[in-house]
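# Survey of secondary and tertiary structure
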Amino acid sequence: MSIDLKKIKHPFQPDWVRTDKDVGVFLELLDKTKPDDVDEKDWYPPFIYGVKINDKGEEQLYSIFSKWYGDYDPVQVGKPSPNIIPLKMTD
């Protein structure tokens, strides 16, 4: 991929989350592992970037923004990052 997500992604977004399929897996993992006593604002990143391939085979950057995007980011207020599973993608 020519789009370098590492430069723009949120610190809570693991490096392996690049494609739309990866984003879906990441969100599913976050949903399954979120402790009941942790606020979703502290568990899910306020934004996620991904890359889709259009019909012409061109890469297109897209983003998903949370409902608290722009109002709250635990990284910015100095809270510790959530315990995200360091999963490696396999074929």
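For the structure given in this document, a descriptive report is provided here. (Residues numbered from 1 in each chain as written. Predicted model: local features only at pLDDT ≥ 70, side-chain atom pairs only at ≥ 80, totals over all residues. Heavy atoms only, no water.)

The helix and strand tally for the chain stands at 2 helices and 2 strands. Each helix and strand of the chain, ordered N terminal to C terminal, gives the series α-α-β-β. In the chain, which comprises 91 residues, the proportion classed as buried is 33%. Within the chain, residue pairs in contact and separated by at least 24 positions form 55% of the contacts whose partners lie at least 6 positions apart. Summed over its atoms, the accessible surface of the chain is roughly 6,200 Å², and 49% of this surface lies on carbon and sulfur atoms. (Helix = DSSP H or I, 4+ residues; strand = E, 2+ residues; numbered from the N terminus. Buried < 20%, exposed > 50% of the residue type's maximum accessible area, 1.4 Å probe, protein only. Contact = heavy atoms within 4.5 Å. Areas by Shrake-Rupley, 256 points an atom, 1.4 Å probe, with all protein chains shown as cover.)

Here we take up the pairing of strand 1 (residues 47-53). The two faces of a sheet get side chains in turn, since along a regular strand they alternate between them. The element strand 1 is extensively covered by neighbouring structure, given that 5 of its 7 residues are classed as buried. Judged from the 7 bridges that link them, strand 1 and strand 2 (residues 59-65) form a sheet pairing that is antiparallel. The residue of strand 2 that forms the bridge with Phe47 is Phe65. Hairpin connection from strand 1 to strand 2: 5 residues lie between these consecutive antiparallel strands, with Gly57 at a positive phi of about 85°. (Pairing = 2+ DSSP bridges.)

Taken as a whole and judged by the stated rule, the model has 3 salt bridges. A salt bridge links Lys67 to Glu40, with the nearest nitrogen and oxygen atoms 3.1 Å apart. Note that Lys67 is positioned in the segment after strand 2 and Glu40 in helix 2 (residues 40-43), a separation of 27 residues in sequence. (Salt bridge = Lys/Arg side-chain N within 4 Å of Asp/Glu carboxyl O.)

Look at helix 1 (residues 20-33): 20 Å from first C-alpha to last across 14 residues, which is about the 20 Å you get at 1.5 Å a residue. In the core, the buried residues of helix 1 are packed alongside helix 2, strand 1 and strand 2. (Expected span 1.5 Å × (residues − 1).)

If you look at the biggest cluster of nonpolar residues, it comprises 11 residues: Trp16, Val17, Val23, Phe26, Leu30, Trp43, Tyr44, Ile48, Tyr62, Trp68 and Tyr72. The leading source of residues in this core is helix 1, at 3 residues. Apart from the residues lying within four places of it in its own chain, the contact partners of Val23 are Val17, Ile48, Tyr49, Gly50, Tyr62 and Ile64. (Core = buried A, V, L, I, M, F, W, Y, C linked by side-chain atoms within 4.5 Å.)

Summarising the element assignment, Ile48 is placed in strand 1. Ile48 sits in the buried class, given a relative accessible area of 3%. Those residues in contact with Ile48, other than ones at most four positions away along the chain, are Gln13, Val17, Val23, Phe26, Leu27, Tyr62, Ser63 and Ile64.

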